[in-house]
Amino acid sequence: MLEKEQKLLEILKSAFQVEGKVIRNRRVEIWDHKEMVPAILLMVKTQLGYKHLNHITCIDWLEEGKFQLVYTVFSHTDKLTLFVKTKIDRDPAIMPNIDDIWDQANTYERELREMYGIEFPGLVGDQEFILEDWDEMPPMRRDFKTDVYAEKTFFAQPGREDAQDVRETITKRSGEEIPEFAKKYSRD
Amino acid sequence: MAREKETTLYIGPQHPGITGNMMVKVKVQGDTITNASVHVGYLHRAFEKLIERRNWLQSFTILCRFCVPEPDPMELTYARAVEEIEGREVPERAKYIRTMVMEMARLQSFMLWYGGQSGSSGLYTLGQWSVGDRNYLLDLFEDLTGGRIYHMYIWPGGVRRDLPKGFKDKALKTMDYIEKRLDEYDKLLFDNVIFQKRAQGVGIIPSDKAIEWGVVGAPLRGCGIKADVRIDEPYEAYDKADFIVPTFEGGDIWARAQVRRIEARQSISIIRQMLDKMPEGEVYNKVPNPMKWKIPAGEAWAKTESVRGEVGFYVVSDGSEYPRRVHVKGAAYTNGVTVTEKILVGQNIADVSFILNSMGVCPPEIER
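Residues numbered from 1 in each chain as written. Chains lettered and ligands numbered in written order. Predicted model: local features only at pLDDT ≥ 70, side-chain atom pairs only at ≥ 80, totals over all residues. Heavy atoms only, no water.

Caption draft 1: Summary view of the overall build of chain B. Across its full length, chain B carries 13 helices and eight strands. Taking 21 Å as the expected radius of gyration for a compact globule of 368 residues, we find that chain B reaches 21 Å, a close match to that expectation. With respect to the three principal axes, the spread of C-alpha positions in chain B is 75 × 45 × 35 Å. Expressed as a percentage of its 368 residues, the buried residues of chain B come to 61%. Considering only residue pairs separated by 6 or more positions, chain B has 72% of its internal contacts joining residues 24 or more positions apart. Distance between charge centroids for chain B: 4 Å, based on 49 positive and 49 negative side chains. (Helix = DSSP H or I, 4+ residues; strand = E, 2+ residues; numbered from the N terminus. Rg over C-alpha atoms; globule rule 2.2 N^0.38 Å. Buried < 20%, exposed > 50% of the residue type's maximum accessible area, 1.4 Å probe, protein only. Contact = heavy atoms within 4.5 Å. Lys, Arg positive; Asp, Glu negative; His and termini not counted. Charge placed at Lys NZ, Arg CZ, Asp CG, Glu CD.)

Caption draft 2: Looking closely at the overall build of chain A. Scanning chain A from N- to C-terminus turns up five helices and five strands. In terms of overall dimensions, chain A has C-alpha extents of about 70 × 45 × 30 Å along its principal axes. Within chain A, the fraction of its 188 residues that count as buried is 46%. If you take every contact in chain A between residues at least 6 apart in sequence, the share linking residues at least 24 apart comes to 47%. For chain A, the distance from the average position of its 28 positive side-chain charges to the average position of its 37 negative side-chain charges is 6 Å.

Caption draft 3: Spatial organisation of the side chain of asparagine 54 of chain A. The topology assignment puts asparagine 54 of chain A in strand β3 (residues 52-61). In this structure asparagine 54 of chain A comes out as buried when scored by relative accessible area, which is 0%. Those residues in contact with asparagine 54 of chain A, other than ones at most four positions away along the chain, are Thr72, Val73, Phe74 and Tyr108 of chain A together with Trp301, Lys303, Glu310 and Lys329 of chain B.

Caption draft 4: Representation of the sheet that holds β3 of chain A within the structure. All names here are of chain A. If you trace the five strands from one edge of the open sheet to the other, you get β1-β2-β5-β4-β3, paired in mixed fashion. At either end of the open sheet lies a strand with only one pairing partner, and these are β1 (19-24) and β3. If you compare each strand with its neighbour and ignore which way they point, the axes differ by 20° on average. Of the pairings in the sheet, the one linking β3 to strand β4 (residues 66-75) comprises nine bridges and is antiparallel in character. The residue of β4 that forms the bridge with isoleucine 59 is glutamine 68. Against the sheet, helix α2 (residues 37-46) makes contact with β2 (27-31), β4 and β5 (80-89), and its axis sits at roughly 170° relative to β5, the strand it touches most. (Pairing = 2+ DSSP bridges. Axes fitted to C-alpha atoms, helices over the stretch in contact; angles between N-to-C directions.)

Caption draft 5: View of the nonpolar core. Among the nonpolar cores identified, the biggest contains 155 residues, and Leu12, Tyr71, Leu82 and Ile118 of chain A together with Met100 and Phe313 of chain B are the most heavily contacted of them. For this core, the element with the most residues is helix α4 (residues 92-119) of chain B, which contributes 12 residues. Non-local contacts of phenylalanine 313 of chain B, meaning those with residues more than four positions away in its chain, are made with Leu63, Phe66, Met74, Thr77, Tyr78, Ala300, Trp301, Ala302, Val326, His327 and Val328 of chain B. Residues Val70 and Phe83 of chain A together with Trp301 and Val316 of chain B belong to the second largest nonpolar core, which totals seven residues. (Core = buried A, V, L, I, M, F, W, Y, C linked by side-chain atoms within 4.5 Å.)

Caption draft 6: Broad picture of helix α12 (residues 352-359) of chain B. Residue and element names in this part refer to chain B. Counting buried positions over the eight residues of α12 gives eight, a clear majority of the element. The complete set of buried residues in α12 reads Val352, Ser353, Phe354, Ile355, Leu356, Asn357, Ser358 and Met359. Downstream of α12 by a residue or two, glycine 360 has a phi angle that is positive, lying close to 65°.

Caption draft 7: Expanded view of the pairing of strand β8 (residues 323-329) of chain B. Residue and element names in this part refer to chain B. In terms of burial, β8 is a largely internal element, seven of the seven residues being buried. Summarising the sheet, strand β7 (residues 310-317) and β8 pair through six bridges and their orientation is antiparallel. Looking at β8, one finds that glycine 312 is bridged to lysine 329. With antiparallel pairing between neighbouring strands as the criterion, β7 and β8 make up a hairpin whose turn holds five residues, including glycine 319 at a positive phi of roughly 95°.

Caption draft 8: Region of interest: the interface of chain A and chain B. On the chain B side, the residues contacting the 45 residues of chain A number 44 residues. Of the roughly 4000 Å² buried where chain A meets chain B, counting both sides, 51% is carbon and sulfur surface. The interface formed by chain A and chain B contains 10 salt bridges. Note that aspartate 232 of chain B is salt-bridged to lysine 79 of chain A, the shortest N-O span being 2.9 Å. At the junction of chain A with chain B, the criterion picks out 28 residue pairs in polar contact (both at pLDDT 80 or more). Elements supplying a minimum of two residues to the side of chain A that touches chain B: β3, β4, β5, α3 (105-116) and α4 (146-153) of chain A. Looking at the side of chain A that touches chain B element by element, the count peaks at nine residues for β3 of chain A. (Buried area = accessible area lost by both parts, 1.4 Å probe. Salt bridge = Lys/Arg side-chain N within 4 Å of Asp/Glu carboxyl O. Polar contact = N/O pair within 3.5 Å; in protein donor to acceptor, adjacent residues only side chain to side chain.)

Shown next, in the form of structure tokens:
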């Protein structure tokens, strides 16, 4: 059991002195500094057969002031998924570019640049991928408040006065109590 | 001969041949495309951001909207990722039902593909037939889930309710009908010289580059590479089903269509097997009060096979009632952007929507 996974982890540990673990069958994760990520990805792609880049994702750990980046690669021969994870500072957020290793990384990185404000030096393509003419904070950052932005930018369609909140209107009209579970909730 | 002037054409976002709210900007010399770039951003609703503000079960209202023609893989993938983080078991019967629902979803999506692929080559009759016949499958979904398009039937811990009375009988009869109709479709599409001439040798993905380019799903199997999440990482009850994963050489539209032609029949076969082998028992390992349901901190990556290819979810929990991050990687993200941009070069303008349909491009998967 988990022989292939252990073997992959050992190869990576001996080559790069990375930290890592076997999560479960078919899942291996490693952690390293951001400068090492392109070298690791190039090595697993060219020498170990991890040719399929599943995706690149970012998780905003606002409390720590860090972004966690996850590069997920898959080997069609071993049928294993490898996660290469790293944490970078939120400000300034700079990450080495890997679109010379995989062409399709370009769109992921352009999206991360728009949505999280992460810079990838040398990234091909200055134009926006999804967000055009966006002047605000990158919107996927945790400190971007969608409700504040929506209130500032949009306005409620004028209509009947009692059409604003159905539940409140019902209580006003009939005097009926709204049960606890049906009340509006907030995250704060 | 004088060099023809290069012209820029914008195909979409409002164009009968485009596969959704997106635009393909092509540079052409004469009729030949010299450069193509895919532009998205016409329907970005920040789904991933919205999910972060909803609790674990409320997210389902958004999940199914990632791909309207085939919402079930999104629900299943998310549910599996949540189950993996929480360690929640799924009853055996629910696994069979989930597999059946996935194949029903694939089958109805194949019917839409028949319509798109034939319609974009001018063969409108087949589109009308297949979309009409698809309604019989939507009837089954309505009986089972209450919804025709969006189902929200698969939940963490199983499925929401058991099969209704008489469902098995109705489903088997529908499968018999659809199977017969698929033979009719073949006569109209695959035996048609127009389709053969237009599909063969067009939109070729080189097989040696396919994996590196990130191609997934039927386009990858159309390059002769046997890759399918259902056999690479069997989930639910797929390891108990007997089915083949077809591959074809060539990498062109013809090969991709042939792959889908066989896969549609395989879906029918899997649905029958699931109905036949389904054990008795519970279907739902009930979750606690959804408003107070906390998932332990952790991360999980789950993937399933949709008609368009691999659908993956990277779900992160920080231990609260709300997902910390849900990253959706739909098949169209690579198939529909970087791969399409590459294979459009050198093709005829008239083939753009033909190629987009064969790649299964679904814009909401690109801009989540």
